Amino acid sequence: MNNLLQFIVKHVPWFVFIIYVVISCILLFSNNPYQQSVYLSSANGVSASVYETYSGVTSYFGLKAVNEDLLKRNTALRMEISRLQKELKNCKLQIPDTTGILAKSEGDYSFVVANVISNSVAQPANFITIDRGSDDGIVPEMGVVGHNGVVGIVNVVGKHSARIISLINPYTRLSCKVKKNNKFGTLIWTGGDYRYATLTELPRDGKYNKGDSVVTNGYSSLFPEGIMVGVIEGEDKEMSSNFMAVKVKLSTDFSQLKNVSALHNKMRVELKALESKDNNPSGAKKEEKK
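Numbers given to residues run from 1 along each chain, matching the order in which its sequence is written. At least 70 in pLDDT is required for a residue's local features to be given in this predicted model, at least 80 for side-chain atom pairs to be given and counted, and no such filter applies to totals for whole chains, interfaces and linings, which use all residues. By convention in this description, side-chain values take in all heavy atoms of the structure and omit both hydrogens and water.

Some details on the overall build of the protein chain
Stage number 1. Per the secondary structure count, the protein chain includes six helices and twelve strands.
Stage number 2. Sequence-distant contacts, at least 24 apart, represent 58% of the contacts inside the protein chain between residues at least 6 apart. Helix numbers and strand numbers start at the N terminus; a helix is a DSSP run of H or I with at least 4 residues, a strand a run of E with at least 2. Throughout, a residue-residue contact means that at least one pair of heavy atoms, one from each residue, lies within 4.5 Å.

This is the structure we're talking about:
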């Protein structure tokens, strides 16, 4: 307390000076319209700068929630586009839907949004880890998409996390088609630049131009038809007299990956069961013996 009193006594002239300055400013700005307008303009400018900075900071910390919401909306729109494309094909085929089966096609897929917690782009085989697991509905062999297209396939699942085989992994094989002419092939990543992959086994009778979109063809139970994969960059290499390969620039920027959606095909179990029967014709052999 003594130290405080000594400090005040020692600096009394300064305190008196500050008080006089404050009183002078109050009298100046309250009794003179011009000075008052200058003060208000300056105060508004300072307040606007403070509020702008505060808004920028709060907006930055809210980007994660906004990003997740956008991904949910984008994924829902992709599913809706896939459903509409399927219905359009059915209309073109003019198949009467007497059982109501076609009307249920919009329920074929559901999805789970997740955050990327680990990702690699420079390894010989790249993987992605997400913060959702079996407790959240993630199971192996779910297709995974991001804001701009296909990301990969779930292969290992824990209770609260899961690992994805990235599209930029040489073990990933994705059935795709060129959107313009419906010619299909297999997309593979042969290493090197994470921005590019190769679409192989394309029939030579098709025309493939730079900039043509490459999308999923819906032949597997992992992805619905029409999910963006990339665009043709140019011819890659000659495979045979009947087939060719093209270089594809991937639509997903794996170096900036933050949020993804894991797709669940509700028909997957039934489709896998049918495929297993095709691969194991033992039942047919038993019937022949009878």
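With respect to the side chain of Thr186
Stage number 1. Following the sequence through the fold, Thr186 ends up in strand β7 (residues 184–188).
Stage number 2. Here Glu201 takes part through its side chain, which lies 3.4 Å from a polar atom of the side chain of Thr186.
Stage number 3. Beyond its immediate stretch of four places on either side in the chain, Thr186 contacts Arg173, Leu174, Thr198, Leu199, Thr200 and Glu201. Polar contacts here mean pairs of N or O atoms no more than 3.5 Å apart (in protein, one a potential hydrogen donor and the other a potential acceptor; neighbouring residues in sequence count only if both atoms are side-chain atoms).

Examining the side chain of Asn115
Stage number 1. When you line up the elements, Asn115 lands in strand β1 (residues 109–119).
Stage number 2. There is a polar contact of 2.6 Å between the side chain of Asn115 and the side chain of Asn259.

Describing the nonpolar core
If you look at soluble globular proteins, the nonpolar side chains tend to sit buried side by side.
Stage number 1. Ranked by size, the top nonpolar core spans 43 residues in total, and within it Leu187, Leu199 and Val229 carry the most contacts.
Stage number 2. When near neighbours in sequence (up to four residues on either side) are disregarded, Val229 contacts Val150, Leu167, Leu174, Cys176, Leu187, Val214, Val215, Thr216, Lys249, Leu250 and Ser251. In plain words, nonpolar cores are sets of buried Ala, Val, Leu, Ile, Met, Phe, Trp, Tyr and Cys residues tied together by side-chain atoms within 4.5 Å. Categorising residues by exposure relies on relative accessible area from a 1.4 Å probe, with only protein chains included: less than 20% of the type maximum marks a residue as buried, more than 50% marks it as exposed, and the intermediate range marks it as partly exposed.

Comments concerning the pairing of β1
Stage number 1. Inspection of the sheet shows β1 paired to strand β12 (residues 259–265) by seven bridges, in the antiparallel sense. Across the sheet, Ala114 pairs through a bridge with Val260, a residue of β12.
Stage number 2. Pairing of β1 with strand β2 (residues 127–130), which is carried by three bridges, proceeds in the antiparallel orientation. Within the sheet, the bridge partner assigned to Val116 lies in β2 and is Ile130. Any two strands with at least two DSSP-identified bridges between them are counted as paired.

Considering the packing of aromatic side chains
Stage number 1. The pairing test for Phe, Tyr and Trp rings, Trp by its six-membered ring, is centres within 6.5 Å, and the orientation test on the planes gives stacked under 30 degrees, edge-to-face over 60, and tilted for anything in between. The final tally for this structure, using the stated rule, is two aromatic pairs.
Stage number 2. Pairing Trp14 with Phe17 gives two aromatic rings, centres 6.3 Å apart and planes at 90 degrees, and the pair type is edge-to-face. Taken together, the residues span about one helical turn, with Trp14 and Phe17 both in helix α2 (residues 12–31) at a distance of three residues.
Stage number 3. Residue class for Trp14 comes out exposed when judged on its relative accessible area of 57%.
Stage number 4. Judged by centre distance (5.2 Å) and plane angle (75 degrees), the ring pair of Phe184 and Tyr219 falls under edge-to-face. Of this pair, Phe184 sits in strand β7 while Tyr219 sits in the loop between β9 (213–216) and β10 (228–238); the two residues are 35 residues apart in sequence, bridging distant segments of the chain.
Stage number 5. Given the relative accessible area of 55%, Tyr219 is considered exposed.
Stage number 6. Look at NZ for Lys and CZ for Arg. If either is within 6 Å of the ring centre and within 35 degrees of the ring normal, a charge sits over the ring. If you follow Arg163 out to its NZ or CZ, it ends over the ring of Phe127, 4.0 Å from the centre.
Stage number 7. Sitting over the face of the ring of Tyr196, Lys247 holds its NZ or CZ atom 4.3 Å from the ring centroid.

Quick look at the environment of Val246
Stage number 1. Note on placement: Val246 falls in strand β11 (residues 243–250).
Stage number 2. Separated by 15 residues in the primary sequence, Val246 and Val231 have C-alpha atoms spaced 9.9 Å apart.
Stage number 3. Other than its neighbours up to four places away in sequence, Val246 contacts Ala197, Thr198, Leu199, Leu202, Tyr208, Ile232, Gly234, Glu235 and Asp236.

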